[in-house]
Amino acid sequence: MKELKKIKIGIIGCGGIANNKHMPALLELDNVEMVAFCDIDEEKAQKAVKEFGAKGAKAYIDYQDLLKDKNIQAVHICTPNKSHAKITIASLESDKHVMCEKPMAKTAKEARTMLEAAKRTRKLLTIGYQNRYREDSQYLYKACQRGDLGEIYMAKAHAIRRRAVPTWGVFLNEEEQGGGPLIDIGTHALDLTLWTMNNYKVKSVKGSVYRKLADQTETGNAWGDWDTKAYTVEDSAFGFITMENGATIFLESSWALNTLDVGEAQTTLCGTKAGADMKEGLRINKVDFNELTTVKPSLGGEGVAFYEGSAEEPEVTEAKTFYNAIINRTELTVKPEEALVVTEILEAIYESAKTGKTIEF
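Residues numbered from 1 in each chain as written. Predicted model: local features only at pLDDT ≥ 70, side-chain atom pairs only at ≥ 80, totals over all residues. Heavy atoms only, no water.

**Concerning the overall build of the protein**
Phase 1 of the analysis: Across its full length, the protein carries 10 helices and 15 strands.
Phase 2 of the analysis: Across its three principal axes, the protein shows a C-alpha extent of roughly 65 × 55 × 40 Å.
Phase 3 of the analysis: The 361 residues of the protein split such that 53% are buried.
Phase 4 of the analysis: Look at the contacts in the protein between residues 6 or more apart in sequence, and 73% of them connect residues 24 or more apart. (Helix = DSSP H or I, 4+ residues; strand = E, 2+ residues; numbered from the N terminus. Buried < 20%, exposed > 50% of the residue type's maximum accessible area, 1.4 Å probe, protein only. Contact = heavy atoms within 4.5 Å.)

Written out as structure tokens, the structure reads:
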């Protein structure tokens, strides 16, 4: 029997997101193999070779050396936000397809250069918004596409933690990341909201950004007390987004906030026919026979499977979708044009908070 020819993959950045999401997910795919790993910390790259590498896999400390390998067809970029654009563009120009971790880039200008490079090189570029592949997200998206909610004119994007500030890596470093919870987890909630609404035409953005709890020393933080001197980003941020069609989106994000109303990578949608939220699993609310009703779809294998392989982890579906697009030229679920709008809104919230002005698009 002829052996299946596998797509050869390079991993650039072998930190937490690569080890906990990308590389384990890729091991679940039969049609790919990881042959190259790069990290500025050579130990991390060598460890990844041993744990995830195919036979003969190599470790690199310079991503430019990895990109010289013409056998590699695709790369996963799992580095800090500051380097997303630079490495993505170099990868695309080296004839590689790119899966870049979220957010698309540190700035909207950088994100636009990434999109331009993808169009110029005619290579695929997608961004790691894996929450779109969850069962509740898929169901809600299909319901919205079918018109079950009617015109969606108000939405909320939820990314609220009470005390869960990531204390490792460069999460607290504004120079490396571009921000804190807004650009880290707010980006997921906003992406999910725009995608389910299928609305990417922004009119204006007003934002508030706070660093109110970062200097406290008794924190109750999930991962232990943070270093107050290293904490150079916000601890919470909020946005008021008006779309061209008049729809309103409220975006809330925090790593540390005195609240019990927590939840992240969630959306609430309000339409003319029905509403939906993800507060206690997916709930759709409407009026039937002049009575208020709430419907909770049976997800997770208890009822109908809403898409093939519904039991698999979102990151595995994400990887499958990307490689399906490469092999079979099927459509990407996360398009770079959509991810660019997310980055533009995030940047506008930061800019609005800094200037006190509403940012017009």
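**What about the sheet that holds strand β6 (residues 125-128)?**
Hydrogen bonds between backbone groups are what pair the strands of a sheet, and the pairing can be parallel or antiparallel.
Phase 1 of the analysis: Strand order in the open sheet formed by six strands is β3-β2-β1-β4-β5-β6, with parallel pairing between adjacent strands. Strands with a single pairing partner mark the edges of an open sheet, and in this sheet they are β3 (58-60) and β6. Each neighbouring strand pair of the sheet contributes to a mean axis angle of 25 degrees, computed without reference to strand direction.
Phase 2 of the analysis: Inspection of the sheet shows strand β4 (residues 74-77) paired to strand β5 (residues 97-101) by four bridges, in the parallel sense. Its bridge partner lying in β5, Val-75 is registered against Val-98. (Pairing = 2+ DSSP bridges. Axes fitted to C-alpha atoms, helices over the stretch in contact; angles between N-to-C directions.)

**A few points about helix α9 (residues 314-328)**
Each α-helix turn comprises 3.6 residues. Residues three or four places apart therefore point the same way.
Phase 1 of the analysis: For α9, which comprises 15 residues, the first-to-last C-alpha distance of 20 Å matches the rise-based estimate of 21 Å (1.5 Å per residue) to within 8%.
Phase 2 of the analysis: Here α9 has its buried residues at Pro-314, Val-316, Thr-317, Glu-318, Ala-319, Thr-321, Phe-322, Tyr-323, Ala-325 and Ile-326.
Phase 3 of the analysis: In this fold, the buried residues of α9 make contact with β1 (7-12), α1 (16-27), β2 (32-38), β4, β5 and β6.
Phase 4 of the analysis: The positive-phi residue at the C-terminal boundary of α9 is Arg-329, with phi of around 60 degrees. (Expected span 1.5 Å × (residues − 1).)

**Focus: unusual backbone geometry**
Phase 1 of the analysis: Omega for the peptide link from Lys-102 to Pro-103 comes to -15 degrees, which places this bond in the cis form.
Phase 2 of the analysis: Considering the arrangement of structural elements, one finds Pro-103 in the loop between β5 and α5 (108-121).
Phase 3 of the analysis: At Asp-95, a residue that is not glycine, the phi angle is positive and equals roughly 70 degrees.
Phase 4 of the analysis: By the element assignment, Asp-95 lies in the loop between α4 (84-93) and β5.
Phase 5 of the analysis: Phi is positive for Asn-290, which is not a glycine, with a value near 65 degrees.
Phase 6 of the analysis: Structurally, Asn-290 is set in the loop between β13 (283-288) and β14 (291-295).
Phase 7 of the analysis: Its relative accessible area of 71% is what places Asn-290 among the exposed residues.

**Examining the packing of aromatic side chains**
Phase 1 of the analysis: A full pass over the atoms with the stated rule returns nine aromatic pairs.
Phase 2 of the analysis: Pairing Tyr-141 with Trp-195 gives two aromatic rings, centres 4.1 Å apart and planes at 0 degrees, and the pair type is stacked. A residue pair is termed long-range when its members are at least 10 positions apart, and Tyr-141 in helix α6 (residues 135-146) and Trp-195 in helix α8 (residues 181-197) qualify at 54 residues.
Phase 3 of the analysis: Seen in terms of ring centroids, Trp-168 and Trp-223 are 5.0 Å apart; in terms of plane orientation they differ by 90 degrees. Their pairing is edge-to-face. With Trp-168 in the loop between β7 (152-160) and α7 (174-177) and Trp-223 in the loop between β8 (202-210) and β9 (236-243), this residue pair connects regions lying 55 residues apart in the sequence.
Phase 4 of the analysis: Site record: aromatic cluster; members linked through ring pairs are Trp-168, Phe-171, Trp-223, Trp-226, Tyr-231 and Trp-255. (Phe/Tyr/Trp six-rings, centres within 6.5 Å; stacked < 30°, edge-to-face > 60°.)

**Focus: the packing of α4 against α5**
Phase 1 of the analysis: Running from amino to carboxyl end, α4 crosses α5 at an angle of 5 degrees, the nearest separation of the two axes being 9 Å. Relative to α5, the element α4 lies roughly parallel. Of the residues in α5, those touching α4 at His-84, Ala-85, Thr-88, Ile-89, Leu-92 and Glu-93 are Glu-110, Thr-113, Met-114, Ala-117, Ala-118, Arg-120 and Thr-121.
Phase 2 of the analysis: Its residues placed into classes, the contact of α4 with α5 shows six nonpolar, four polar and three charged. (Parallel < 35°, antiparallel > 145°, perpendicular 65-115°, else oblique. Nonpolar A, V, L, I, M, F, W, Y, C, P; charged D, E, K, R; others polar.)

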